[in-house]
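Inside the fold
What follows is each chain in one-letter form.
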Amino acid sequence: MSRHANFLAITFLVLLPLIYFWQITLAQGVWFGNDMVRTYYPLGVELGRALQQGRIPLWTTGMYAGFPILADAQIGALYPVNLVLFRLLPAHWALAYSMLLHLAWAGLGMYLLARSFGLRTASALLAGIVFAFNGFMFARLEHATVLTTSAWLPWSPFLWEQFQRARTQNSSKAGLWFSLVALSLGVQFLCGFPQVAFMNTLTFALFAFFGSMLWHSSKVVSLKTMLTISATVVLAMVLAIGVAAAQILPTLELVGLSVRGGGTNFQFATSYSLPLDSLPHLIFPLWQGEPSEGINNEYWANVGLAPLILAILAPFLRRDRRTIFLALFALVALALALGEANPAYGLIYQLPGFSFFRAPARYLLLFVFGCALLSASAFDTLAHRLTQTPARSRPAWLWGATFGILLVVSIVWAEVQPIEFWLTAWQILPAIFAAATLVLLVLAWQRRTSSATFRVIMVGLVLIDLTALAPLFMKTLGQITPSASVTTVPRSLAAMDTAPGNGRVLADQSIFPSVPAIRNSLYPNTALLYGKESADAYSSLASARHVLYLHQLSPMMLNLLNVQYFSIPLEPRPRTKNAIPWDGLTLDVLNNEEMISPTPATVIEIASFTEQAEQLAEGTVVGQVEVRQRDGRIDVFPLRVGIETADWDYERKKSQHQRAPIAHSFPGFWRAFGRAFEGHTYLAKFALEPGEIIGVSVRVERPDVYLTIEDLTLYNEQGQPQSLAKLVGKNNFRVAYFSDTVAVWKNLDALPRAFIVHSAQIADDYTALARLQEPDFPADRLALLADGEPLNALSSRDSVEIVAYQPERVQLSARTEQPGYLFLADSWYPGWHAMVDGRAAPIYRANVLFRAVPIEPGTHTIVFEYRPGSFVLGATISIISILVLVIIPLIFHSRTKSL
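Let us look at the structure shown here. Bear in mind that the values here come from a model prediction, so they are computed numbers and not experimental data. (Residues numbered from 1 in each chain as written. Predicted model: local features only at pLDDT ≥ 70, side-chain atom pairs only at ≥ 80, totals over all residues. Heavy atoms only, no water.)

1. Observations regarding the overall build of the chain
Condition: Numbered from the N terminus, helices here are DSSP runs of H or I no shorter than four residues, and strands are runs of E no shorter than two. Just to be clear, the radius of gyration here is over C-alpha atoms, and the globule rule we use is 2.2 Å times residues to the power 0.38. Burial classes follow relative accessibility: with a 1.4 Å probe on protein chains only, a residue under 20% of its type's maximum area counts as buried, one over 50% as exposed, and anything between as partly exposed. Contacts are assigned to residue pairs with any non-hydrogen atoms lying within 4.5 Å of each other. The Shrake-Rupley method, run with a 1.4 Å probe, gives the accessible areas here. Residue values count only the displayed protein chains as cover. Within this scheme the basic residues Lys and Arg register as positive and the acidic residues Asp and Glu register as negative, but His and the chain ends are omitted. Charged groups are reduced to one reference atom each: NZ for lysine, CZ for arginine, CG for aspartic acid, CD for glutamic acid.
Helices and strands together make up the secondary structure of the chain, namely 29 helices and 27 strands. What you see for the chain is a C-alpha radius of gyration of 32 Å, in line with the 29 Å of a compact globule of 899 residues. Taken along the three principal axes of its C-alpha coordinates, the chain extends 110 × 65 × 50 Å. When the 899 residues of the chain are sorted by exposure, 59% land in the buried category. Of all intrachain contacts in the chain linking residues separated by at least 6 positions in sequence, the fraction that spans at least 24 positions is 77%. Roughly 35,200 Å² of accessible area belongs to the chain as shown, and the carbon and sulfur atoms make up 61% of that amount. Mean positive and mean negative side-chain charge positions of the chain (64 and 61 charges, respectively) differ by 18 Å.

2. What to know about the packing of aromatic side chains
Under the convention used in this document: Here the aromatic set is Phe, Tyr and Trp, taking the six-membered ring for Trp, and pairing holds for ring centres within 6.5 Å; pairs whose planes are under 30 degrees apart are stacked, those over 60 apart are edge-to-face, and all others are tilted.
In this structure the tally under the stated criterion is 50 aromatic pairs. On the basis of an interplanar angle of 85° and a centroid distance of 5.1 Å, the ring pair of Phe 207 and Phe 325 is categorised as edge-to-face. Pair noted here: Phe 207 is in helix α11 (residues 194-214) and Phe 325 is in helix α16 (residues 321-338), with a separation of 118 residues, a long-range link. By relative accessible area, which is 2% here, Phe 207 ends up buried. Taking the centre distance of 5.4 Å and the plane angle of 65° together, the rings of Phe 823 and Phe 850 count as edge-to-face. Placement of Phe 823 in strand β22 (residues 820-824) and of Phe 850 in strand β26 (residues 850-855) is noted, with a sequence separation of 27 residues between them. In this structure, Phe 823 and Phe 850 share a single accessibility class: buried. Following the ring pairs from residue to residue traces out a cluster consisting of Tyr 20, Phe 21, Trp 31, Phe 133, Phe 138, Trp 300 and Phe 473.

3. Brief notes about the packing of helix α9 (residues 155-168) against helix α10 (residues 174-188)
We count it as follows: Lines fitted to C-alpha atoms define the axes, with helix axes restricted to the stretch in contact, and inter-axis angles between N-to-C directions lie between 0 and 180 degrees. Roughly parallel here means an angle under 35 degrees, roughly antiparallel means over 145, roughly perpendicular means 65 to 115, and every remaining angle is called oblique. Should the near helix be turned counterclockwise from the far one by less than a right angle, the crossing is left-handed, whereas a clockwise turn marks it as right-handed. Here the nonpolar group is Ala, Val, Leu, Ile, Met, Phe, Trp, Tyr, Cys and Pro; Asp, Glu, Lys and Arg are the charged ones; every other residue, Gly included, is treated as polar.
For the pair α9 and α10, the least separation of the axes is 8 Å and the interaxial angle reads 165°. The angle between α9 and α10 places the two elements in the roughly antiparallel class. Considering only the axes of α9 and α10, their crossing is left-handed. Residues Ser 156, Leu 159, Trp 160, Gln 162, Phe 163, Ala 166 and Arg 167 of α9 touch α10, and the partners they reach there are Ala 174, Trp 177, Phe 178, Leu 180, Val 181, Ser 184, Leu 185 and Gln 188. Its residues placed into classes, the contact of α9 with α10 shows 10 nonpolar, four polar and one charged.

4. Points about the pairing of strand β23 (residues 832-836)
Stated precisely, the cut-off is as follows: Note on pairing: two strands pair once DSSP finds at least 2 bridges between them.
Side chains Trp 832, Ala 834 and Val 836 project from β23 onto a buried face, and the interleaved His 833 and Met 835 project onto a face without burial. Across three bridges, the pairing between β23 and strand β24 (residues 839-841) is antiparallel. Along β24, the bridge assignment pairs Ala 834 with Ala 841. Between β23 and β24, which pair antiparallel in sequence order, lie two residues; one of them, Asp 837, sits at a positive phi of approximately 55°.

5. A short note on the sheet that holds β24
Strand pairs in the sheet, formed through backbone hydrogen bonds, run parallel or antiparallel to each other. On the basis of which strands lie adjacent, the open sheet formed by five strands has the order β20-β21-β27-β23-β24 and antiparallel pairing. Edge strands, defined here as strands with exactly one partner in the open sheet, are β20 (799-806) and β24. On average, each strand axis in the sheet is tilted by 25° relative to the strand beside it, whichever way the strands run. With five bridges connecting them, β23 and strand β27 (residues 858-866) associate as antiparallel partners. By the bridge assignment, Met 835 is partnered in β27 with Val 863.

6. Some thoughts on a nonpolar patch on the surface
What counts, and what does not: Note that patches include only residues with greater than 30% relative accessible area and no salt bridge, and the join distances are 9 Å for like charges and 5 Å for nonpolar side chains (Val, Leu, Ile, Met, Phe, Trp, Tyr). Here, a salt bridge means any side-chain nitrogen of Lys or Arg that lies within 4 Å of a carboxyl oxygen of Asp or Glu.
Together, Ile 879, Leu 883, Ile 887 and Ile 891 make up a nonpolar patch on the protein surface, roughly 370 Å² of accessible area in all. In this structure, Ile 887 sits in helix α29 (residues 869-898).

7. With respect to the pattern of salt bridges
Under the counting rule described, the total for this entry stands at 37 salt bridges. In this structure, Glu 533 engages Arg 753 in a salt bridge whose closest nitrogen and oxygen atoms are separated by 2.7 Å. Taken together, the residues span a long stretch of sequence, with Glu 533 in the loop between α24 (515-520) and α25 (544-551) and Arg 753 in the loop between β15 (742-747) and β16 (754-757) at a distance of 220 residues. For the pair Glu 533 and Arg 753, a shared accessibility class is recorded, and that class is buried. Across the pair Arg 867 and Glu 865 runs a salt bridge, and its minimum N-O distance is 2.7 Å. Look at the salt bridges and you will find they share partners, linking Glu 614, Asp 647, Asp 649, Arg 652 and Lys 653 into a network.

8. With respect to the environment of Ile 511
The topology assignment puts Ile 511 in the loop between β3 (504-507) and α24. On a C-alpha basis, the gap between Ile 511 and Lys 577 in space is 9.5 Å, while along the polypeptide they are 66 residues apart.

9. Remarks on the side chain of Thr 121
By the element assignment, Thr 121 lies in helix α6 (residues 121-132). With relative accessibility at 17%, the residue Thr 121 sits in the buried group. Aside from chain neighbours lying at most four places away, what touches Thr 121 is Ala 5, Asn 6, Ala 9, Tyr 111 and Arg 115.

10. As for the pairing of strand β14 (residues 733-739)
For β14, the tally of buried residues reaches six of seven residues, placing the bulk of the element in the interior. In this sheet, β14 lies alongside strand β9 (residues 662-670) in parallel orientation, the contact comprising two bridges. Note that in β14 the partner of Gly 668 across the bridge is Phe 738. Both β14 and β15 contribute to a ladder of five bridges, which runs antiparallel. Following the sheet pairing, Val 735 is matched in β15 by Trp 745. Where β14 folds back onto β15 in an antiparallel hairpin, the turn is made up of two residues.

11. Re the sheet that holds strand β5 (residues 594-600)
Across the sheet, four strands lie side by side as β5-β11-β7-β8; this open sheet has antiparallel pairing. In this open sheet, the two strands that pair with only one neighbour each are β5 and β8 (634-640). On average, each strand axis in the sheet is tilted by 25° relative to the strand beside it, whichever way the strands run. Bridge analysis of β5 against strand β11 (residues 692-700) gives four bridges, and the strand direction is antiparallel. Across the sheet, residue Glu 594 finds its bridge partner in β11, namely Val 696.

12. Regarding the nonpolar core
As a reminder of what qualifies: The nonpolar core is taken to be a set of buried Ala, Val, Leu, Ile, Met, Phe, Trp, Tyr and Cys residues, with the residues joined through side-chain atoms within 4.5 Å.
Within the largest apolar cluster, 277 residues are counted, with the highest numbers of intra-cluster contacts made by Phe 21, Phe 131, Met 458, Tyr 549 and Phe 864. Tyr 549 has contacts with Met 557, Leu 560, Leu 561, Leu 769, Leu 772, Asn 847, Val 848, Leu 849 and Phe 850, leaving out every residue within four places of it along the chain. Counting residues in each nonpolar core, the second largest holds 28 residues, with Ala 601, Ile 604, Val 698 and Ala 725 among its members.

13. As for the packing of α10 against helix α12 (residues 223-243)
If you want to describe how two helices pack, look at the angle between their axes and the distance between the axes. Between α10 and α12, the shortest axis-to-axis distance is 7 Å and the interhelical angle comes to 50°. Relative to α12, the element α10 lies oblique. You can see that α10 and α12 cross each other, and the crossing is right-handed. Every residue of α12 that contacts α10 at Phe 178, Val 181, Ala 182, Leu 183, Leu 185 and Gly 186 is listed here: Thr 232, Leu 235, Ala 236, Met 237, Leu 239, Ala 240 and Val 243.

14. Concerning the environment of Val 81
With respect to the secondary-structure elements, Val 81 resides in helix α4 (residues 80-88). Under the relative-accessibility criterion, Val 81 is labelled partly exposed at 29%. A sequence separation of 110 residues divides Val 81 from Cys 191, and the C-alpha atoms of the two residues are 8.7 Å apart.

15. Regarding α10
Put simply, the rule reads: Each helix should span, by expectation, one fewer than its residue count multiplied by 1.5 Å.
With 15 residues, α10 ought to run about 21 Å at 1.5 Å a step, and its terminal C-alpha atoms sit 22 Å apart, in line with that. Summarising burial for α10: 11 of the 15 residues are buried, a large majority.

16. Brief notes about unusual backbone geometry
Omega for the bond connecting Pro 524 with Asn 525 falls within 30 degrees of zero, at 5°, which places this linkage in the cis form. Considering the arrangement of structural elements, one finds Asn 525 in the loop between α24 and α25. With a phi angle near 60°, Ala 359 is a residue other than glycine that sits in the positive phi range. With respect to the helices and strands, Ala 359 occurs in the loop between α17 (345-348) and α18 (364-385). By relative accessible area, which is 0% here, Ala 359 ends up buried. Of note in this structure, Asp 837 is not a glycine but carries a positive phi near 55°.

So, in structure tokens, the structure goes:
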């Protein structure tokens, strides 16, 4: 009966997430919340692309100006499950099925751990349900790697329990269990979320050490035994680190060069601490509103009313060492989650490992873990108390059928009912579940029900409670989206050159956009989805130099980054948001005067467009161009709709005015219009009195209309044009694509990805940054090197061609008549090697971020290859560690046999 019950319980735990999230199981949709869109899906696509090409993704060209993507860890490139799923399935399905399987893995691991603690089948089943289906896990339906890493939490303590039992019995299997302990710990560091892996390892160490002393021994443990236990635990952890070294060493290398290189400050480390006023969440899920990205998504730890009550009662019902330890463990985990609200966290922050991570609220995972085991222990004690009680209530099978029907109803309602229904329902459900729990506990304590009936009703009650909680998340943070919507290719991409090495995109991140705007703007890291290269990234291990560079970005620095496209998300769009690149990069003449050196001009030419002006009558003035002469005169010219300007999307509207003369056209789209059309900017020319211009501005006359100045050019008496943008040290941009979700501008001044400079100077990063911000810095002729040899050669006719551009290998062909440095606008990073005509050549860090290789006159073939020593060393250690784990069981087996 026990084996049969075990089989049924395990089968139920495995099938529960597959059945409850049946849309995922049946390929009807995938989870596609904000972090899934921005992080896990793009990284998954890059992983799948690499695996299908037969390589491990060590580097990507799609983040920053090149980034060690494996070292970022969140891609999980070495996790065995990922190696299979992302090789065989499209990334969105691989992610969805991985999360689904790990929910089952979490429940199964907790069930086995509870069973290893001696709890009965129903009690262990309750623990498994609570650990797989709870607020913490539901809130991670958009955080794939947090969920997959969390699912491993019970496994290492379970395997340690098996090891301890086998060692006590002198079983030959002890070595196998020990190897599995170390392997399970190591695998967690490959899942993609080091913080949770750190928490899981900490939990294992506590359970292994104190468990061996408290509940595996009935007497006081000697010092020698304590040292032996400690050494065994440490050995398992060392071997685990060895197993994951191929991931850990590259990650540590990146950490040293990232914004977290010196650890984090206390303020950052305690961001997303669990507020004290969020504690009622544990009882009232809607205490602070529905689940919400960035507001309370880190603060969920609901385990259900019945499990919470049982967990509180556990130390009183079952006063053994393990239960007391579990109670203290859960309380300490909750205290850690409080972060800055916990006066002791300042000391905890000083401990090794704690300062590298933020969001103390994630320790709620350990609280949930402790509650699951505590509730199962209390439940087991009460059920055992009723073992000899004759049945006085309805048969258990009837209760089981009732809860089975309720479960089916819950699954159906989770799909068909709107979020408003669940928000209303959860106003009263806590009281219902609490009352039902208390009534059941009173009946059990007074022995007025049978053990079987009590077990069925309690497990059913918990199941209904937690499955009724899930819709709050499924309709907010963890929405299920049809796969066709996930794989949609943005229309904006067609307006960009997507050839490798041919211009990057940079997205304006001043607003957090909708999913369509994220996709169409190629918001970091979504450029990865389409093989487009981005100058920015979204990573917890952001490159410190890149962050510094981007925060001080000047027009010339933008050009050096080879940024050919600047995108502006427009959904949602604040009323004050103009669809233009940042003021520091392009002209800023709206209600602002751009001052220039005295410049002779007889004509001023303006390219502009409006938005939301279709109701204005012909000739309505929307702006006044003011041109300041050196002698103090100010010439004023109107920008009138239908004459000098008009709406860019004139083709889709029935405007009250005519279309102005077109300056140039570009592809446009509007979802409500339903089809593509041509957008336009419009040309206006005004004659000036002879003189010298010293300032230009455009005064906005209609605040209810968006007015955008694309370009402004001055012509002298000889008809020679002079760009106002160039005169003020800014870049020229031209609209490349416009829609209701994004505006994409093309940077006409972007420098090539690779070129040759014949002058080089040595400068530290801060000096280099200051020089690069000078408007007249000759970036196409001079490189500022962090080290290397200065150079001041004559200029020459050069040519550079990109022959091959791949993530871990770039081949160039270059010809020059003078000594110089081949400049490549890709990130400098340890592990890159250069060959010039087959001979090793040094790579110097140039202009803060980039690579420069010295070359002599002539025609050369230059090859860059990424062979990171951290990965090679880590992989070697991993292979050796795995071999050791294979040998350990053989040693135990031979030793046991000799005894």
